[in-house]
2 protein chains.
Amino acid sequence: MVLMEERIRRDGVVKEGDILKVDSFLNHQMDPVLYREMGQEFYRLFSESGVNKILTIEASGIGIACITAQFFGCPAVFAKKSRTKNLDGEVYTAQVESFTHGGSYTVMVSKKFLGPGDRVLIVDDFLAKGNALAGLVSIVEQSGAGLAGCGIAIEKGFQEGGRRLRERGIRVESLAILDQMEGGIIRFRS
Amino acid sequence: MVLMEERIRRDGVVKEGDILKVDSFLNHQMDPVLYREMGQEFYRLFSESGVNKILTIEASGIGIACITAQFFGCPAVFAKKSRTKNLDGEVYTAQVESFTHGGSYTVMVSKKFLGPGDRVLIVDDFLAKGNALAGLVSIVEQSGAGLAGCGIAIEKGFQEGGRRLRERGIRVESLAILDQMEGGIIRFRS
């Protein structure tokens, strides 16, 4: 999406260690116009896929899921993060390794809100190594729901997450794919 | 708001210890129609207040903030929670006591996104003891921004948070105020 690439070039800040800061418009302050365009674009891409539920993970994905759900006219569910490993049987869970914060955490979704009758679009702000997304995919699989695909705001194409998911046959649509950001130079996949 | 009261009566579940579960439409699964109505109602209530920024706290407030921001046509910012007490000077911080999870945590907002030129509407899903909200109010005060008020989905009117904020002269608008929920009987403030 041209708008996302332009916005990253204008307001994104590249930091050491392949970190891209987009906190002025995506994951701390949220730009309502950009969010609307994102939701609309995910709807354009997945409107023929029978989606009846949007799934994301707290926290940064929630806004994107909420706006996207407005376009699809369906509920959005956000997976909760917990350090607790022992949870009752009423939730689907998956373990996720965290590289940002170290260690691992559990993501969970109540069984009330996902089941075999659902067709799910997963959305999130970032895709890099893909661990959080793999956790969400596992939860969809556990629930027996169908997976329409994943809609991502920014994919770090030089990390393996997107490739791994696509190799599994999962449709991944990223609004901007960064192929390079070394030395502050940003190059997008065309 | 009649819609919110009806929804709480229909889908809310009262648990022991004055806990109201609204996870099927508000803070785990999010209903897009209800969210839209909430955003529209906050806009109706505060449209004359010069709001140019919506502020909330992760995680459950983010969706409400995002939809509300669509109506105001202004950015939404979510305060981040951290267990870390030592943060650099580039953020406003406030300490918040947590009764749900025990202990206390720090909420923080980057100084880049809030300043004297701003007029802020704080939104959140719940208001009970009001500790998280008091933390957000403190951050607005630190920033020198003006506070238009607080827009809350559900207020537990039998707890002191709402009263305390209003006694400080802060405008608090709650879409549903619960005055009683003992023995599973829900009574709203008229």
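Here, the structure is the one placed above.
Computed from a prediction, not measured in an experiment: that's the story for all the values here.

Visitor: Give me the side chain of Ser174(B): which residues, what numbers.
Guide: All names here are of chain B. Inspection of the secondary structure assignment puts Ser174 in strand S10 (residues 172-180). Reaching out from Ser174, the side chain makes a polar contact with the side chain of Glu155 at a distance of 2.6 Å. With sequence-adjacent residues up to four places away left out, Ser174 is seen in contact with Ile152, Ala153, Glu155 and Arg166.

Visitor: Run through the pairing of strand S8 (residues 119-127) of chain B, naming residues and quoting values.
Guide: Walk down a regular strand and you will see the side chains alternate between the two sheet faces. Residues and elements named next belong to chain B. Counting buried positions along S8 yields 7 of 9 residues, so the element is predominantly enclosed. Relative to S8, strand S4 (residues 53-57) runs parallel, the two being bridged by 3 bridges. For Lys53, the partnering residue across the bridge sits in S8 and is Val120. By the bridge criterion, 8 bridges tie S8 to strand S9 (residues 146-156) in an arrangement that is parallel. Bridge pairing in S9 places Val123 opposite Gly151. In terms of handedness, the path from S8 via helix H4 (residues 131-143) over to S9 forms a crossover that is right-handed.

Visitor: Describe the environment of Val107(A), and please don't skip the residues or the numbers.
Guide: All names here are of chain A. Looking at where Val107 falls in the secondary structure, it is placed in strand S7 (residues 104-110). Val107 sits in the buried class, given a relative accessible area of 0%. When residues no more than four places from it in sequence are discounted, the contact partners of Val107 are Ile57, Ala79, Lys80, Lys81, Tyr92, Thr93, Ala94, Val96 and Ile139.

Visitor: I'd like a description of the nonpolar core, backed by residues and values.
Guide: Residues Met4(A), Ile54(A), Met4(B) and Ile54(B) are the most contacted members of the largest nonpolar core, which totals 74 residues. Residues contacting Ile54(B), with those up to four places away along its chain left out, are Ala65(B), Thr68(B), Ala69(B), Phe72(B), Cys74(B), Pro75(B), Ala76(B), Val77(B), Leu121(B) and Val123(B). Counting 27 residues, the second largest nonpolar core, distinct from the first, contains Ala79(A), Val120(A), Leu136(A) and Ile170(A).

Visitor: Please set out the packing of aromatic side chains residue by residue, giving values where relevant.
Guide: Residue and element names in this part refer to chain A. Per the counting criterion, the structure on display carries 2 aromatic pairs over all chains. Ring plane angle 80° and centroid distance 4.9 Å describe the contact between Tyr43 and Phe72, whose orientation is recorded as edge-to-face. Of this pair, Tyr43 sits in helix H2 (residues 32-46) while Phe72 sits in helix H3 (residues 61-72), and the two are 29 residues apart along the sequence. By relative accessible area, Tyr43 is classed as partly exposed at 36%. The class of Phe72 is buried, set by a relative accessible area of 14%. The ring of Phe46 carries the charged tip of Arg171 above its face, separated from the ring centre by 4.3 Å.

Visitor: Tell me what's going on with H4(B), and back it up with residues and numbers.
Guide: All names here are of chain B. Compared with an ideal rise of 1.5 Å per residue, which puts 13 residues at 18 Å, H4 spans 19 Å between its outermost C-alpha atoms and is within 8% of the ideal. By the burial criterion, the buried members of H4 are Leu133, Gly135, Leu136, Val137, Ile139, Val140 and Ser143. Looking at the residues trailing H4, positive phi occurs at Gly144, about 85°.

Visitor: Describe the side chain of Asp124(A), naming the residues involved and giving the relevant values.
Guide: Residues and elements named next belong to chain A. The topology assignment puts Asp124 in strand S8 (residues 119-127). This buried residue, Asp124, is left without a salt bridge; Lys81 holds the nearest opposite charge, at 7.6 Å. Discounting residues that sit within four places of it in the chain, Asp124 has contacts with Thr56, Ile57, Gly61, Ile64, Leu133, Gly151, Ile152 and Ala153.

Visitor: Quick one: what's the story with the relation of the copies chain A and chain B, residue by residue and with numbers?
Guide: With an RMSD of 0.0 Å, the fit of chain A onto chain B corresponds to turning through 180° and sliding 0.0 Å along the axis. Given the turn and translation reported, the copies of this chain are related as if by a two-fold rotation axis. Taken as a fraction of all interface residues of chain A, those also at the interface in chain B reach 100%, which identifies the copy contact as same-surface.

Visitor: Just give me the short version of the packing of helix H1 (residues 2-11) of chain B against helix H2 (residues 32-46) of chain B, but keep the residues and values in it.
Guide: Residues and elements named next belong to chain B. As a packed pair, H1 and H2 sit with axes 10 Å apart at the nearest point and diverge in direction by 145°. For the crossing formed where H1 meets H2, the hand is left-handed. Mapping the contact onto sequence places Leu3, Met4 and Arg7 in H1 and Leu34, Glu37 and Met38 in H2. Residues belonging to the contact of H1 with H2 are distributed by class as follows: 4 nonpolar, no polar and 2 charged.

Visitor: Quick one: what's the story with the interface of chain A and chain B, residue by residue and with numbers?
Guide: Taken together, the contacts link 31 residues of chain A with 31 residues of chain B. Together chain A and chain B conceal approximately 2600 Å² of surface at their shared face, both sides included; 64% is due to carbon and sulfur atoms. Taken together, the links from chain A to chain B amount to 2 salt bridges. Between Lys112(A) and Asp23(B) there is a salt bridge, and its shortest N-O distance comes to 3.2 Å. The tally of links between chain A and chain B comes to 14 residue pairs in polar contact (both at pLDDT 80 or more). With 6 residues, the top contributor of residues to the side of chain A that touches chain B is H3(A). Residues that form the side of chain A that touches chain B fall into these classes: 16 nonpolar, 9 polar and 6 charged. Judged from the 2 bridges that link them, strand S3 (residues 29-30) of chain A and strand S5 (residues 76-82) of chain B form a sheet pairing that is antiparallel. In the strand pairing of S5(B), Met30(A) is matched with Ala76(B).

Rules of the game
- Residues numbered from 1 in each chain as written.
- Chains lettered and ligands numbered in written order.
- Predicted model: local features only at pLDDT ≥ 70, side-chain atom pairs only at ≥ 80, totals over all residues.
- Heavy atoms only, no water.
- Helix = DSSP H or I, 4+ residues; strand = E, 2+ residues; numbered from the N terminus.
- Polar contact = N/O pair within 3.5 Å; in protein donor to acceptor, adjacent residues only side chain to side chain.
- Contact = heavy atoms within 4.5 Å.
- Buried < 20%, exposed > 50% of the residue type's maximum accessible area, 1.4 Å probe, protein only.
- Pairing = 2+ DSSP bridges.
- Right-handed = clockwise from strand over helix to strand, strands pointing away.
- Core = buried A, V, L, I, M, F, W, Y, C linked by side-chain atoms within 4.5 Å.
- Phe/Tyr/Trp six-rings, centres within 6.5 Å; stacked < 30°, edge-to-face > 60°.
- Lys NZ or Arg CZ within 6 Å of the ring centre and 35° of its normal.
- Expected span 1.5 Å × (residues − 1).
- Lys, Arg positive; Asp, Glu negative; His and termini not counted.
- Salt bridge = Lys/Arg side-chain N within 4 Å of Asp/Glu carboxyl O.
- Least-squares fit on C-alpha atoms with pLDDT ≥ 70 in both.
- Axes fitted to C-alpha atoms, helices over the stretch in contact; angles between N-to-C directions.
- Left-handed = near helix turned anticlockwise from the far one by under 90°.
- Nonpolar A, V, L, I, M, F, W, Y, C, P; charged D, E, K, R; others polar.
- Buried area = accessible area lost by both parts, 1.4 Å probe.

Worth remembering: the numbers are spatial, not functional.
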